[in-house]
Amino acid sequence: MAVGDVTEDRGYPLMSRLMPVLSKVLQGLLTLLAVSLLIFLAARSLRGDVANMILGPHALPDQVEQLRVQLGLNQPLWTQYINWLGGILHGDWGTSLASGRPVSESLVIGLRNSATLSAVALAVMLPTALVVGVVAAQYRDGLVDRIFLITSMIFNAVPEFVTGTILVAIFATTVVHWLPAVSFIPPGDSPISYPSALILPATTIIIPGVMYLSRLVRVAVIDVMTTEYIQTAVLKGLSPARILFLHALPNAIAPIIPAASLVAAFTIGGVVVVEYLFAYPGVGSALVDAVTNRDLPAIQAYVLVIASAYFFFNLIADALARK
Amino acid sequence: MTTTTDASLELPRPRKARATGLWRLWSSAQVRLGVTMLVGITILVIIAPFLAPHDMAAPVGRPYAPPSPEAWLGTDNLGRDVLSRVMSGGIYLAWMAPASALIAVSLGAAIALIAAYYGGWTDLILMRCMDVLLAFPGILLTLLCVSIFGPAPPLLVTLVVLTLMPGVARVIRGAALPLLRQEYVLWAKTVGTPGRVIITRELLPNVSSPLLVELGLRLSWSVAILSSMSFIGYGIQPPAADWGLMVAENGNGLGIQPYAVLAPILMIVLYTIGGALIAEGSARIIARTEGEA
């Protein structure tokens, strides 16, 4: 029996409404805990000890031992896990082995840059998907619709780095030089003040997102347009525009909202490759750097942050779909 | 045992609700095109290394030289022949992507059918495990594990399987649940057919069409994930030739020698679209048949 089934408390209407949400959040937290354990164990099994990594290959054995005690590496694995998790809850994400600075410093900058990129991408993606989907639905089975279906299939299948590289070839190198191929943003500045550096990475995220969402919009609009309710509106002689915007669209948007939230989650996953491609200074490219440097505390922190954000949007999608 | 035979004598065996044939999917032009593309690319990729005009690892000219009669697609960042490298660069994908997709779809389907058929705790535990895997963006898991164990092809295949399997399990479980209420499944249960047999003989054939959709979709995703990993430097390692890797290696020369980047990109695009065409064509046929029913 699923946990979500314990909702039929007829006597407590408020409880029965809150229970599914609460159990979902509880399940979410448990999943996130499992994920954090997975990250911790994976990072711990990295070849070589953190102490060895810090001191290098020529360190004396007792030096390594001393540092191990200092870092708490001699404690049992699960005490280490509790300490790590406790530290994170208090805002202590550990110290980067590469820079010697607290991980949280670069994490804040990376998060701001990544969040800006995702937000800009989503802000353009959602309205565009709505328009494209409605237009395709209007020309259902016509030439425009067919072209749309083929294009959207292609861009949904192709990996982000391919879309991104083609965009770079067209707008930054081979054809014209309108935009920078590399997104340089100084650490202290907000990406918003460098719009030209944002355009290509954002577009790389927007294209597949629009292609995916607009398909759903198209199907939803087609479904709504064939209902009796819209047929009645047509027979009443209402103008097509009025039918579309006042009657069809509001009903077509409902099934798309959870999908949009899911796309937000996918955006976070895809952001790793896109940021790497454009050397955009966000959490994704920082993670790739940390992996290259074998910077354990940083890897743990970035993976946990990206996984949490991903999970958060999945949870929203789930909650919206449930309603 | 005797009761089983008795019961089967008394109950007339109901007819199967749906034709199982995957052949009806062949009527879709998209499926035919997709299969042709994939088969064509696979054959090409296997025989091409023998036909390559130059040694793919040896320089034939200066770096980033434009196309010439010597090197039809020019040279790459180290002066190697782009055409020869593109011809040799699909061999890893050609086995890793289908292997990942096949294993992911088989395991996902097995988990889904077991979860759907037995229900209860089995269902809860299996699907919750899938949820945990789904909660982890695939690229993160891959990056994390590859950083620990190194980019060995079998590990990469395993990671792609882990990334794709939960999605397959969810979809196939959804397709299998309504089947459990079908007469022929109820009949099989009543006469005491073991669960293992019901799953393989009754449920599996009836989810074969959604399975093909999944296979096409996941194949194109495997290509995407594997080539993305190569692109960010945690997949196939140099000096081997690999399409994703070639895009990364020659990215800096995009302005002077675009063919070194665009040729491998074209191959990745064709490969991913092949899978997507199969998925889309099959899905359309399924929707049409269900609309008629």
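Residues numbered from 1 in each chain as written. Chains lettered and ligands numbered in written order. Predicted model: local features only at pLDDT ≥ 70, side-chain atom pairs only at ≥ 80, totals over all residues. Heavy atoms only, no water.

(A) Broad picture of the overall build of chain A. In terms of regular secondary structure, chain A is built from 13 helices and zero strands. Listed by position from the N terminus, the elements making up chain A come as α-α-α-α-α-α-α-α-α-α-α-α-α. With the principal axes as the frame, chain A shows a C-alpha extent of 90 × 70 × 30 Å. Relative to its 323 residues, chain A shows a buried fraction of 44%. Once local pairs closer than 6 in sequence are excluded, the contacts in chain A between residues at least 24 apart make up 70%. Total accessible area on chain A stands at roughly 16600 Å², and carbon and sulfur atoms take up 68% of it. The averaged location of the 18 negative side-chain charges in chain A is 9 Å from the averaged location of its 17 positive side-chain charges. (Helix = DSSP H or I, 4+ residues; strand = E, 2+ residues; numbered from the N terminus. Buried < 20%, exposed > 50% of the residue type's maximum accessible area, 1.4 Å probe, protein only. Contact = heavy atoms within 4.5 Å. Areas by Shrake-Rupley, 256 points an atom, 1.4 Å probe, with all protein chains shown as cover. Lys, Arg positive; Asp, Glu negative; His and termini not counted. Charge placed at Lys NZ, Arg CZ, Asp CG, Glu CD.)

(B) Here's a closer look at the overall build of chain B. Regarding its fold elements, chain B presents twelve helices and zero strands. Reading chain B from its N terminus to its C terminus gives the helix and strand order α-α-α-α-α-α-α-α-α-α-α-α. Each principal axis of the C-alpha atoms in chain B carries an extent, and together these give about 80 × 45 × 30 Å. Look at the contacts in chain B between residues 6 or more apart in sequence, and 75% of them connect residues 24 or more apart. Working note: accessible area of chain B is about 12900 Å², and carbon and sulfur atoms make up 69% of it. Both charge centroids of chain B, one from 19 positive and one from 16 negative side chains, sit 7 Å from each other.

(C) Quick peek at the domain arrangement of chain A. Residues and elements named next belong to chain A. The domain architecture assigned to chain A consists of domain 1 (1-33) and domain 2 (103-321). Using C-alpha coordinates to define each centre, domain 1 is positioned 31 Å away from domain 2. Counting residues at the interface gives four residues for domain 1 and four residues for domain 2. Interface area, domain 1 with domain 2, both sides summed: about 430 Å², of which 81% is carbon and sulfur. One can count zero residue pairs in polar contact (both at pLDDT 80 or more) joining domain 1 with domain 2. (Domains from an automatic or database assignment. Buried area = accessible area lost by both parts, 1.4 Å probe. Polar contact = N/O pair within 3.5 Å; in protein donor to acceptor, adjacent residues only side chain to side chain.)

(D) Main features of helix H6 (residues 138-149) of chain B. Residues and elements named next belong to chain B. Between its first and last C-alpha, H6 extends 16 Å over twelve residues, near the 16 Å set by a 1.5 Å rise per residue. Within H6, eleven of the twelve residues are buried, which leaves the element mostly enclosed by the surrounding structure. Taken residue by residue, H6 has Gly138, Ile139, Leu140, Leu141, Thr142, Leu143, Leu144, Cys145, Val146, Ser147 and Ile148 as its buried positions. Among the residues trailing H6, Gly150 stands out with phi positive, at a value near 85°. (Expected span 1.5 Å × (residues − 1).)

(E) Layout of the environment of Ile206 of chain A. All names here are of chain A. By secondary structure assignment, the location of Ile206 is in helix H8 (residues 195-225). Taking relative accessible area as the criterion, Ile206 reaches 12% and is therefore assigned buried. On a C-alpha basis, the gap between Ile206 and Val124 in space is 7.2 Å, while along the polypeptide they are 82 residues apart. Residues within four places of Ile206 in sequence aside, it is in contact with Ala121, Val124 and Met125.

(F) Seen up close, the environment of Ile139 of chain B. By secondary structure assignment, the location of Ile139 of chain B is in helix H6. It is 8.2 Å that separates the C-alpha atoms of Ile139 of chain B and Thr163 of chain B, two residues lying 24 residues apart in sequence.

(G) Up close: the packing of aromatic side chains. The full count for this structure, using the stated rule, is seven aromatic pairs over all chains. Ring centres 4.5 Å apart and planes at 15° place the aromatic pair Phe161 of chain A and Phe231 of chain B in the stacked group. One end of the pair, Phe161 of chain A, is in helix H7 (residues 160-171); the other, Phe231 of chain B, is in helix H10 (residues 208-231), on a second chain. The exposure class assigned to Phe161 of chain A is buried, which follows from its relative accessible area of 0%. Ring centres of Phe171 of chain A and Trp178 of chain A lie 6.3 Å apart, and the angle between their planes is 35°; this geometry places the pair in the tilted category. Members of the aromatic cluster, each reached through a chain of ring pairs, are Phe40, Tyr81 and Trp84 of chain A. (Phe/Tyr/Trp six-rings, centres within 6.5 Å; stacked < 30°, edge-to-face > 60°.)

(H) Structural context of the interface of chain A and chain B. Listed by partner, the interface residues are 45 residues for chain A and 39 residues for chain B. Between chain A and chain B the total buried area reaches about 3600 Å² when both faces are included, carbon and sulfur atoms providing 77% of it. Inspection of the chain A/chain B interface yields one salt bridge. The partner of Arg215 of chain A in a salt bridge is Glu280 of chain B, with the nearest N and O atoms 3.0 Å apart. On inspection of chain A and its partner chain B, the count reaches two residue pairs in polar contact (both at pLDDT 80 or more). Looking at the side of chain A that touches chain B, the elements that each hand over two or more residues are helix H1 (13-44), helix H6 (143-157), H7, helix H11 (256-278), helix H12 (283-293) and helix H13 (296-322) of chain A. Tallying contributions element by element places H1 of chain A first for the side of chain A that touches chain B, with eight residues. Class assignment of the residues belonging to the side of chain A that touches chain B gives a composition of 33 nonpolar, nine polar and three charged. (Salt bridge = Lys/Arg side-chain N within 4 Å of Asp/Glu carboxyl O. Nonpolar A, V, L, I, M, F, W, Y, C, P; charged D, E, K, R; others polar.)

(I) Spatial organisation of the nonpolar core. With 132 residues, the main nonpolar core has Leu287 of chain A together with Phe136, Leu143 and Trp243 of chain B as its most contacted residues. Counting residues per element, this core draws most heavily on H8 of chain A, at 15 residues. Dropping the residues within four chain positions of it, Trp243 of chain B is found in contact with Ile41, Val45, Val86, Gly89, Gly90, Leu93, Pro264, Met267, Ile268 and Tyr271 of chain B. Met130, Ala176, Trp187 and Leu211 of chain B belong to the second-largest nonpolar core, a separate cluster that totals 27 residues. (Core = buried A, V, L, I, M, F, W, Y, C linked by side-chain atoms within 4.5 Å.)

(J) Representation of the confidence of the model for chain A. Residue and element names in this part refer to chain A. Mean pLDDT over chain A works out to 81, with 91% of the residues at or above the 70 mark. The lowest-confidence element of chain A is helix H2 (residues 50-55), averaging 69 in pLDDT; the highest-confidence one is H7, averaging 92. Here residues 1-10 is a poorly scored stretch, pLDDT under 50, and it has eleven contacts once near neighbours within four places are set aside; other chains count. (pLDDT = per-residue confidence, 0-100.)

(K) Representation of the confidence of the model for chain B within the structure. Residue and element names in this part refer to chain B. Summarising the model, chain B shows a mean pLDDT of 85, and 92% of its residues fall at 70 or more. No element of chain B has a lower mean pLDDT than helix H1 (residues 2-10), which averages 47, and none a higher one than helix H4 (residues 91-118), which averages 94. Contacts of residues 1-8 to residues separated by more than four positions or lying in other chains number three contacts, the stretch itself having pLDDT below 50.

(L) Representation of the pattern of salt bridges. Residues and elements named next belong to chain B. Scanning the model with the defined rule gives 13 salt bridges over all chains in all. Note that Arg85 and Glu249 form a salt bridge whose closest N and O atoms lie 3.7 Å from each other. With Arg85 in helix H3 (residues 82-88) and Glu249 in helix H11 (residues 243-249), the pair connects residues that are 164 residues apart, well separated along the chain. Across this residue pair, the class does not change: Arg85 and Glu249 are buried. Taking the shortest distance from any N to any O, the salt bridge between Asp131 and Arg128 comes out at 3.2 Å. Within this pair, Asp131 and its partner Arg128 are both found in helix H5 (residues 120-134), separated by three residues, close to a single helical turn. What makes Arg128 partly exposed here is its relative accessible area of 28%. Three or more residues are tied together by salt bridges with common partners; here these are Asp76, Arg80, Arg85 and Glu249.

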